[in-house]
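Residue strings, one per chain:
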Amino acid sequence: MVFTHDTDVSLQAAAALANTLAISPGSVDELATVAALDAFFAAYDFTGRHDRDRAELDEVRALRIRVRELLTAERDEAVRLANELLAEHSATPQLVRHTTYDWHIHATEPDAPLATRIAVETAMAMVDVIRADELSRLSICDDEGCAGVVVDLSRNRSKRYCSATCTNRNAVAAYRERQASTK
Ligand SMILES: [Zn+2]
Ligand SMILES: [Zn+2]
């Protein structure tokens with residue numbers, strides 16, 4: 001754990017959300033359906049309101065580019081973007097506790113729209129990253145053809161790729177290179 005648990009989870013969720021954008025050449029939009037948003041909601045332990053309709057999906061889809069901008073910004077620009085999101089949604093930090101999850105911060109009401117909650121959670125997580133001066137934890141995937149966001153929460157700062165797919169592709173490529181050079 002680099003930051004608090006809720007911050008770590010929010011950063012990973014934000015990167016996963018940003019990485020559903022079809023930004024890398026040849027990639028497809030991976031948040032095209034309500035079912036895809038359902039899977040994202042479950043994978044990152046979201047709580048609170050979840051409408052499961054097209055309107056909610058469209059709002060979350062529209063938010064992605066701002067999340068990506070925030071995660072990939074230089075520090076001072078990240079401050080501006082985080083402050084902007086917090087002000088826009090009148091964020092009010094409150095400590096809350098769910099049955100399975102000890103005291104942590106929510107800065108929106110649980111019945112606020114999902115896109116609003118994601119926007120504010122991402123901004124709140126970035127507040128921690130900025131204050132700790134840990135923006136080096138955020139980068140762009142080392143894979144040649146990939147523009148995915150990488151959140152590196154590893155102790156030894158060893159994470160270079162955005163996904164298992166990119167990690168495996170490069171492991172295979174490195175293996176082939178080694179094999180070729182020993183022939
Ligand atoms: Zn919570
Ligand atoms: Zn990647």
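Above this note sits the structure.
A brief report on the enclosed structure follows.

Definitions and limits used
Residues numbered from 1 in each chain as written. Chains lettered and ligands numbered in written order. Predicted model: local features only at pLDDT ≥ 70, side-chain atom pairs only at ≥ 80, totals over all residues. Heavy atoms only, no water. Donors = N, O, S within 2.8 Å, 3.2 Å for Na, K, Ca; no water. Tetrahedral: all angles 85-135°; square planar, octahedral: opposite > 155°, others 65-115°. Helix = DSSP H or I, 4+ residues; strand = E, 2+ residues; numbered from the N terminus. Core = buried A, V, L, I, M, F, W, Y, C linked by side-chain atoms within 4.5 Å. Buried < 20%, exposed > 50% of the residue type's maximum accessible area, 1.4 Å probe, protein only. Contact = heavy atoms within 4.5 Å. Pairing = 2+ DSSP bridges. Patch = residues over 30% accessible without salt bridge, like charges linked within 9 Å, V, L, I, M, F, W, Y side chains within 5 Å. Areas by Shrake-Rupley, 256 points an atom, 1.4 Å probe, with all protein chains shown as cover. Salt bridge = Lys/Arg side-chain N within 4 Å of Asp/Glu carboxyl O. Phe/Tyr/Trp six-rings, centres within 6.5 Å; stacked < 30°, edge-to-face > 60°.

**Details of the coordination of the zinc ion (ligand 2)**
Stage number 1. The protein atoms that coordinate the zinc ion (ligand 2) are Cys141 (SG), Cys146 (SG), Cys162 (SG) and Cys166 (SG), at distances spanning 2.3 Å.
Stage number 2. Metal-centred angles of 100 to 117° between the 4 donor atoms at the zinc ion (ligand 2) mark the site as tetrahedral.
Stage number 3. We note that the donor set of the zinc ion (ligand 2) lies within a single chain, spaced as C-x4-C-x15-C-x3-C. Of the two residues, Cys141 is situated in the loop between strand E3 (138–140) and strand E4 (149–151) and Cys166 in helix H6 (residues 164–181); the sequence distance between them amounts to 25 residues.

**Structural notes on the nonpolar core**
Stage number 1. Core analysis: the biggest nonpolar cluster contains 41 residues, and Leu11, Val60, Leu71, Ile118 and Met126 have the highest contact counts within it.
Stage number 2. Mapped onto this core, the elements with two or more residues apiece are helix H1 (5–18), helix H2 (34–43), helix H3 (54–72), helix H4 (75–88), helix H5 (114–131) and E4.
Stage number 3. Take this core: its biggest share by element is 11 residues, from H5.
Stage number 4. Apart from the residues within four sequence positions on either side, Leu71 is in contact with Leu11, Ala14, Ala15, Ala18, Thr122, Met126, Leu138 and Val149.
Stage number 5. By size, the runner-up hydrophobic cluster in this structure holds 6 residues, among which are Cys141, Tyr161, Cys162 and Cys166.

**Brief notes about the coordination of the zinc ion (ligand 1)**
Stage number 1. Every protein donor of the zinc ion (ligand 1) is listed here as His98 (NE2), His104 (NE2) and His106 (NE2), and their distances to the metal cover 2.0 to 2.1 Å.
Stage number 2. Each donor residue of the zinc ion (ligand 1) belongs to the same chain, with the gaps between them written as H-x5-H-x1-H.
Stage number 3. Note on His98: relative accessible area 25%, which makes it partly exposed.
Stage number 4. Using a relative accessible area of 16% as the deciding quantity, one classes His106 as buried.

**Digging into the pairing of strand E2 (residues 101–106)**
Stage number 1. With 4 bridges connecting them, strand E1 (residues 94–98) and E2 associate as antiparallel partners. The residue bridging Gln94 from the neighbouring strand is His106, located in E2.
Stage number 2. The loop that links E1 with its antiparallel partner E2 comprises 2 residues.

**A few points about a nonpolar patch on the surface**
Stage number 1. Together, Leu95, Trp103 and Ile105 make up a nonpolar patch on the protein surface, roughly 340 Å² of accessible area in all.
Stage number 2. Structurally, Leu95 can be placed in strand E1.

**Here's the deal with the packing of aromatic side chains**
Aromatic rings in a pair are described by how distant their centres are and how their planes are angled relative to each other.
Stage number 1. The tally for this structure, following the rule as stated, stands at 3 aromatic pairs.
Stage number 2. With a centroid separation of 5.4 Å and an interplanar angle of 45°, the aromatic rings of Phe40 and Tyr44 are classed as tilted.
Stage number 3. Classification of Tyr44 by relative accessible area gives partly exposed; the value is 26%.
Stage number 4. Both rings, one in Phe40 and one in Phe46, keep their centres 5.4 Å apart while their planes meet at 40°; by these two values the pair is tilted.
Stage number 5. Phe46 gets classed as buried once you look at its relative accessible area, which sits at 12%.
Stage number 6. These aromatic residues form a ring-pair network of at least three members: Phe40, Phe41, Tyr44 and Phe46.

Read these as geometric descriptors, not functional statements.
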